[in-house]
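# Residue-level structural notes
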Amino acid sequence: MKTDNRVKKTFPVLQMSCASCAISAESIVKGLDGVSNASVNFAAATLNVEYKPEIISPEQIRAAVQDGGYDLLIEDDKDTAADTLEDIHKKKFNVLKRKTIFAAIFSLPVVIIGMFLMDIPYANEIMWVLSTPVIFWLGRDFFINAWKQAKHRSANMDTLVALSTSVAYLFSVFNTLFPQFWLDRGVHPHVYFEASCVIIAFILLGRLVEEKAKGNTSSSIKKLIGLQPKTVTVSENGNYTELSIEEVNIGDIIVVKPGEKVAVDGVVIEGSSYVDESMLSGEPIPVLKKEGETVYAGTINQKGAFLFQAEKVGANTMLAQIIRMVQDAQGSKAPVQKLVDKIAGIFVPIVMSIAVLSLVIWLLYGGTDGITHGILALVTVLIIACPCALGLATPTAIMVGIGKGAEKGILIKDAESLELAKKVDVVVLDKTGTITEGKPVVTDIYWLNGDDSKKDVLYSLEKQSEHPLADAVKNYLAGIVPLPILNFESITGKGVIGLVDGVKYLVGNKKFLDENGVIVDKVLLEKMESSSLSSKTMIWFSDSKKAIALIAITDEIKGTSLSAIQQLQSSGIEVYMLTGDNYVAAKEIASKVGVNHFQAEVLPQDKAEFVKQLQSEGKVVAMVGDGINDSAALAQADLSIAMGKGSDIAIDVAKMTIISSDLTKISEAIKLSKQTVATIRQNLFWAFLYNLIGIPLATGVLYPINGFLLNPMIAGAAMALSSVSVVSNSLRLKWTK
């Protein structure tokens, strides 16, 4: 997209480990000549940049980012770039997985020896050997990232992990090699190999969980792109040629056979068929397409065949617009500023300053033991301030919350959505497949004078029909033995005719009966016009003279929809319903389930726009849907919830999935969010309280008063205890109702 001579592009950013990395990468790009604007989205791992191509190129931007310790993917071919990015994520995930497993394997014996078997021969040497690969092989990325931050005069979680683990490790190595240094000064030379190992293992586990959540972000786009066929059959002067989708031009005549997907947008010029447009409208009933009707890319042809002329190709098709909207909505969300990273940005330099300051004060005022006590204070501060409890506070609560959600049939994709659910004040519901079951069913068959003796004839005719509504009738009358039908004929857009025992029977719409001179009894007409049936689809069954039955077909409301909507409204949440269906049907459904606000005949882009409008009013919006047509709105919403029985694409885009498609689970998800966020706050409170008490003690603040100096071993134990308390509090969430 061009603005004057400026170009706007989006590039994937690699090798970012936290929110402060995104800020760092963004500031590097913003400082380049020729760059008008730059924004790095940590959650999506993308750089949105606006630049002047005559001054700077993507290659130069990439070189600057690489110099800062990160990387850019600047491949022009979007499909290749997506595949490359997916490969990078897979490799990173697999590497993290291996590192986490090996860190756990090496750390476990070190912890056992350090806690229970310190008196065995060569205990320190064994722990040294086992902890070395954990620090310098499995944990090397923490040191690399800490160095990157140091080069840019900033600090993050990696800085504190690198400092605390390296100081604990080097201090332990010194005590193993030169124990006499401390023994001569009346101090026992403790080692802290287990502290450094456990920190690395825990943080790696947290990164592994995070990478797994990030790895799914591109799959929804890939599946949307997969809706478009790779090749098409083009008709030219009666000759059929197979072309790739990229070679299709406006004006080409394209052949669509039964069961095929429509490749591009266009107008039918020959033939007719029913086309499944549920990806656009969300409605389950296929739409009749005949000459002059518009067909859309990604929709699925049913049993007929037709020719259409291409009118919109490539990036201009409706499907391409939906894909673009999903991408825009995913990329436009504010970067996730992880709470712990934000805290670490202030916490790390403060802890480092306190550690160095305590060493300096001891050296100046500690007398003959100043150097001994100063080094001990420095190490103790860094060990006790180690971010284990702080790092575990959020992920443990999130893991338990997500696990509890899964037990209740609520699949939660990431921590952000679980934290955000408690803030939701508006829920937007799709109608078809969300409030309703999402498939047409026969609710009633009204037989003239109550005589259903011809139901076997009705079943036999519908069994041969290709009309989508015929399936609903067949399912309703299942179990009847079909009769032989003679001279069966299907008339597109009207109905079917056939002979049974020499008598002509018809199934179709009212116009079809009128055209064949069929008399409709007043009782059945009144039934059709009654308000109770106004929102239903009506089809007729008759012989050649009079109507025999009226069949009412609808998409039924789920049994739990009414109570689910009442639960949401009683908790102060506004509920809106959006549907591609007509106004009468929408109003009928809305009144039955108690929804006060609804919109009918809504297109996919209208749904996303409606969500955006609510957000502009300051609302936190949850969108609930089940179809491809909902995917753009789901991506736009603050919290996206898909029905488990819905389309794969809706499920992929959504941050939460209700496996059972039961709407009452939405209230449960919001309650679970409130409980989880409360647990996170409790964990952070205890983690900070521990540091608030522990750090002053570690500096030796009580030494002038009562001679108390915190031993690094006790600091290590306190650190472990703080982690245990945080994990225990998170596990308590598991048993909360």
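This one's a predicted model, so the numbers in the text were calculated from it and none came from an experiment.

## Overview of the overall build of the chain
Of the regular secondary structure elements, the chain holds 28 helices and 26 strands. Looking at the chain as a whole, 50% of its 737 residues qualify as buried. Partitioning the contacts of the chain with sequence separation of at least 6, the portion at a separation of at least 24 is 67%. As displayed, the chain offers around 33800 Å² of accessible surface, 57% of which is attributable to carbon and sulfur atoms.

## Things to note about helix H22 (residues 583-593)
Residues of H22 that are buried: Ala 585, Ala 586, Glu 588, Ile 589, Ala 590 and Val 593. Buried-residue contacts for H22 involve helix H16 (431-435), strand E16 (436-447), strand E21 (547-557), helix H21 (561-570), strand E22 (574-578) and strand E23 (597-599). Backbone geometry just downstream of H22 places Gly 594 in the positive-phi region, at approximately 80 degrees.

## Thoughts on the sheet that holds E16
Ordered in space as E16-E21-E20-E19-E18-E17, the six strands form an open sheet in which the pairing is antiparallel. The outermost strands of the open sheet, each flanked by one partner alone, are E16 and strand E17 (486-491). On average, adjacent strands in this sheet sit at an angle of 15 degrees to one another, irrespective of strand direction. With eight bridges connecting them, E16 and E21 associate as antiparallel partners. Considered in E21, the bridge of Thr 436 is made with Ile 557. Contacting E16, strand E20 (537-543) and E21, helix H18 (residues 468-476) crosses the sheet at an angle of about 65 degrees to E16. Sitting on the sheet, helix H20 (residues 522-529) touches E16, E20 and E21, and the angle it makes with E21 is about 15 degrees.

## Points about the sheet that holds strand E25 (residues 639-643)
Taken in spatial order, the seven strands line up as E14-E26-E25-E24-E15-E22-E23 in an open sheet, and their pairing is mixed. Edge strands, defined here as strands with exactly one partner in the open sheet, are strand E14 (410-412) and E23. Averaged over all pairs of adjacent strands, the angle between strand axes in this sheet comes to 20 degrees, irrespective of strand direction. Here strand E15 (residues 426-430) pairs with strand E24 (residues 621-625) via four bridges, running parallel. Residue Leu 429 lies in a different strand from E24, and its bridge partner there is Val 624.

## Examining the pattern of salt bridges
Scanning the model with the defined rule gives 15 salt bridges in all. Measuring nitrogen to oxygen at the nearest pair gives 2.9 Å for the salt bridge that ties Asp 141 to Lys 99. Placement of Asp 141 in helix H5 (residues 140-151) and of Lys 99 in helix H3 (residues 78-116) is noted, with a sequence separation of 42 residues between them. Take Asp 141: its relative accessible area is 36%, and that puts it in the partly exposed class. By relative accessible area, Lys 99 is classed as buried at 7%. Sharing partners across several salt bridges, the network here consists of Asp 430, Lys 607 and Asp 630.

## Quick word on a nonpolar patch on the surface
A grouping of Leu 108, Ile 112, Met 115, Phe 116, Leu 117, Ile 120, Tyr 122 and Ile 126 is seen on the molecular surface, where their side chains present a nonpolar patch of about 830 Å² in accessible area. The dominant element in the nonpolar patch, judged by the number of residues it contributes, is H3, at four residues.

## Regarding the packing of aromatic side chains
Each aromatic ring pair is characterised by the separation of its centres together with the angle its planes make. Counted under the stated rule, the structure contains twelve aromatic pairs. Note on Phe 136 and Phe 143: the rings are 6.4 Å apart at their centroids and 20 degrees apart in plane angle, and the pair reads as stacked. You can call Phe 143 partly exposed: its relative accessible area is 24%. For Phe 136, a relative accessible area of 46% gives the class partly exposed. Grouping aromatic residues by their ring pairs yields a cluster made of Phe 136, Phe 143, Tyr 169 and Phe 193.

## Here we look at the packing of helix H17 (residues 455-464) against H18
Contact pair H17 / H18: the axes reach a minimum separation of 9 Å and the direction vectors enclose 140 degrees. In terms of their interaxial angle, H17 and H18 are classed as oblique. Where H17 crosses over H18, the handedness of that crossing is left-handed. Here Leu 458, Tyr 459, Glu 462 and Lys 463 of H17 lie close against H18, whose contacting residues are Ala 470, Val 473 and Lys 474. In terms of residue class, the contact of H17 with H18 is made up of four nonpolar, no polar and three charged.

## Points about the UniProt feature "transmembrane region" (unreviewed entry) in the chain
On the UniProt side, "transmembrane region" (unreviewed entry) is annotated at positions that read residues 100-120, 126-147, 159-178, 190-209, 343-365, 371-394, 684-703 and 709-731 here. Helix makes up 81% of residues 100-120 and strand 0%, with an end-to-end C-alpha separation of 28 Å. Its end C-alpha atoms 28 Å apart, residues 159-178 is made of 95% helix and 0% strand.

## Side note on the environment of Ala 590
Looking at the element boundaries, Ala 590 is found in helix H22. Separated by 28 residues in the primary sequence, Ala 590 and Leu 562 have C-alpha atoms spaced 9.8 Å apart. For Ala 590, the residues in contact, after removing those within four places along its chain, are Met 577, Val 595 and Phe 598.

## Here's the deal with unusual backbone geometry
Phi is mostly negative for residues that are not glycine, and the peptide bonds are mostly trans. Within the chain, Asn 449 stands out as a residue other than glycine whose phi angle is a positive 60 degrees. With respect to the helices and strands, the residue Asn 449 is situated in the loop between E16 and H17. Even without being a glycine, Glu 601 presents a positive backbone phi close to 50 degrees. Looking at the secondary structure, you find Glu 601 in the loop between E23 and helix H23 (604-616).

## Side note on the pairing of strand E8 (residues 253-256)
Side chains Ile 253 and Val 255 of E8 all project onto a buried face; the interleaved residues Ile 254 and Val 256 project onto the opposite face, where all are buried too. Relative to strand E13 (residues 305-312), E8 runs antiparallel, the two sharing four bridges. When the sheet's bridge partners are listed, Ile 253 is paired in E13 with Gln 309.

## Let's talk about the nonpolar core
Val 427, Leu 429, Ile 435, Val 624, Met 656, Leu 663 and Ile 666 are the most contacted members of the largest nonpolar core, which has 39 residues in total. Element by element, the count of residues in this core is highest for helix H26 (residues 664-699), at six residues. Counting contributing residues per domain, this core is built from domain 2 (90-220 + 329-397 + 678-735) and domain 4 (413-436 + 557-663), each supplying no fewer than three.

## Regarding the packing of H21 against H26
For the pair H21 and H26, the least separation of the axes is 7 Å and the interaxial angle reads 30 degrees. Contacts between H21 and H26 involve Ser 563, Ala 564, Gln 567 and Leu 568 from the first element and Thr 664, Ile 666, Ser 667 and Ile 670 from the second.

## Things to note about the side chain of Ser 465
Summarising the element assignment, Ser 465 is placed in the loop between H17 and H18. In this structure, Ser 465 is in contact with Lys 303, Ala 470, Lys 474, Phe 488 and Val 496, ignoring residues within four places of it in sequence.

Rules behind the numbers
- Residues numbered from 1 in each chain as written.
- Predicted model: local features only at pLDDT ≥ 70, side-chain atom pairs only at ≥ 80, totals over all residues.
- Heavy atoms only, no water.
- Helix = DSSP H or I, 4+ residues; strand = E, 2+ residues; numbered from the N terminus.
- Buried < 20%, exposed > 50% of the residue type's maximum accessible area, 1.4 Å probe, protein only.
- Contact = heavy atoms within 4.5 Å.
- Areas by Shrake-Rupley, 256 points an atom, 1.4 Å probe, with all protein chains shown as cover.
- Pairing = 2+ DSSP bridges.
- Axes fitted to C-alpha atoms, helices over the stretch in contact; angles between N-to-C directions.
- Salt bridge = Lys/Arg side-chain N within 4 Å of Asp/Glu carboxyl O.
- Patch = residues over 30% accessible without salt bridge, like charges linked within 9 Å, V, L, I, M, F, W, Y side chains within 5 Å.
- Phe/Tyr/Trp six-rings, centres within 6.5 Å; stacked < 30°, edge-to-face > 60°.
- Parallel < 35°, antiparallel > 145°, perpendicular 65-115°, else oblique.
- Left-handed = near helix turned anticlockwise from the far one by under 90°.
- Nonpolar A, V, L, I, M, F, W, Y, C, P; charged D, E, K, R; others polar.
- UniProt positions renumbered as here; feature names shortened; annotations may be inferred.
- Core = buried A, V, L, I, M, F, W, Y, C linked by side-chain atoms within 4.5 Å.
- Domains from an automatic or database assignment.

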